[in-house]
Amino acid sequence: MSGLRFYPLGDSDERALAVVIPASVDVPRLIYWGEYFGAPIRNDADTVWMREQQLARL
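A quick note: this is a predicted structure, and the numbers were derived from the prediction, not measured.

Asks: How should the overall build of the protein chain be read in this particular structure?
Replies: Of regular secondary structure, the protein chain possesses one helix and six strands. For 58 residues, the compact-globule estimate of 2.2 N^0.38 gives 10 Å, and the protein chain exceeds it by more than 25% at 14 Å. In terms of principal-axis extent, the alpha carbons of the protein chain reach across some 40 × 25 × 25 Å. Sorting the 58 residues of the protein chain into buried and exposed places 5% on the buried side. The contacts of the protein chain with a sequence gap of at least 6 include a subset with a gap of at least 24, amounting to 7%. Accessible surface computed for the protein chain: about 5,600 Å², of which carbon and sulfur atoms make up 54%. For the protein chain, the centre of its 6 positive side-chain charges and the centre of its 8 negative side-chain charges are spaced 7 Å apart.

Next up, the structure:
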């Protein structure tokens, strides 16, 4: 995916990174981790996981 921007947070020995993902018509964005996958969605300042019904609608 192009357009991603990465910003290190904290001191150099810290391991935190902010990732800015540009808006896209390709939704939902899925996160894969081994056999698990999830679809995050923003809810004001929080990030929550979409339910199965929400994924089906998209």
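Moving on from the model shown.
Asks: Looking at this structure, how should I read the pairing of strand 5 (residues 40-43)?
Replies: Walk down a regular strand and you will see the side chains alternate between the two sheet faces. With four bridges connecting them, strand 5 and strand 6 (residues 46-49) associate as antiparallel partners. Bridged to Arg42 within strand 6 is Thr47. Here strand 5 folds back onto strand 6 in antiparallel fashion, the turn holding two residues, of which Asp44 has a positive phi close to 60°.

Asks: Can you walk me through unusual backbone geometry in this structure?
Replies: Leave glycine aside and you will find that most residues have negative phi; peptide bonds, for their part, are mostly trans. If you check the backbone angles, Asp44 has positive phi at about 60° while not being a glycine. Within the secondary structure, Asp44 is located in the loop between strand 5 and strand 6.

Asks: Please clarify how the layout of surface pockets should be interpreted in this entry.
Replies: Gaps between atoms show up when a probe of the same size as a water molecule is rolled over them. Estimates place the volume of the largest pocket at around 310 Å³. Lining the largest pocket are 14 residues, and of these Arg29, Pro40, Ile41, Arg42 and Met50 lie nearest its centre. Counting residues per element, the lining of the largest pocket draws most heavily on strand 5, which supplies three residues. Its residues assigned to classes, the lining of the largest pocket shows nine nonpolar, three polar and two charged.

Parameters at a glance
- Residues numbered from 1 in each chain as written.
- Predicted model: local features only at pLDDT ≥ 70, side-chain atom pairs only at ≥ 80, totals over all residues.
- Heavy atoms only, no water.
- Helix = DSSP H or I, 4+ residues; strand = E, 2+ residues; numbered from the N terminus.
- Rg over C-alpha atoms; globule rule 2.2 N^0.38 Å.
- Buried < 20%, exposed > 50% of the residue type's maximum accessible area, 1.4 Å probe, protein only.
- Contact = heavy atoms within 4.5 Å.
- Areas by Shrake-Rupley, 256 points an atom, 1.4 Å probe, with all protein chains shown as cover.
- Lys, Arg positive; Asp, Glu negative; His and termini not counted.
- Charge placed at Lys NZ, Arg CZ, Asp CG, Glu CD.
- Pairing = 2+ DSSP bridges.
- 1 Å grid on protein atoms, 1.4 Å probe; cavity = no way out; pocket = protein on both sides within 12 Å on 5 of 7 lines; lining within 4 Å.
- Points joined across faces, edges and corners; volume = space filled by probe spheres on them.
- Nonpolar A, V, L, I, M, F, W, Y, C, P; charged D, E, K, R; others polar.

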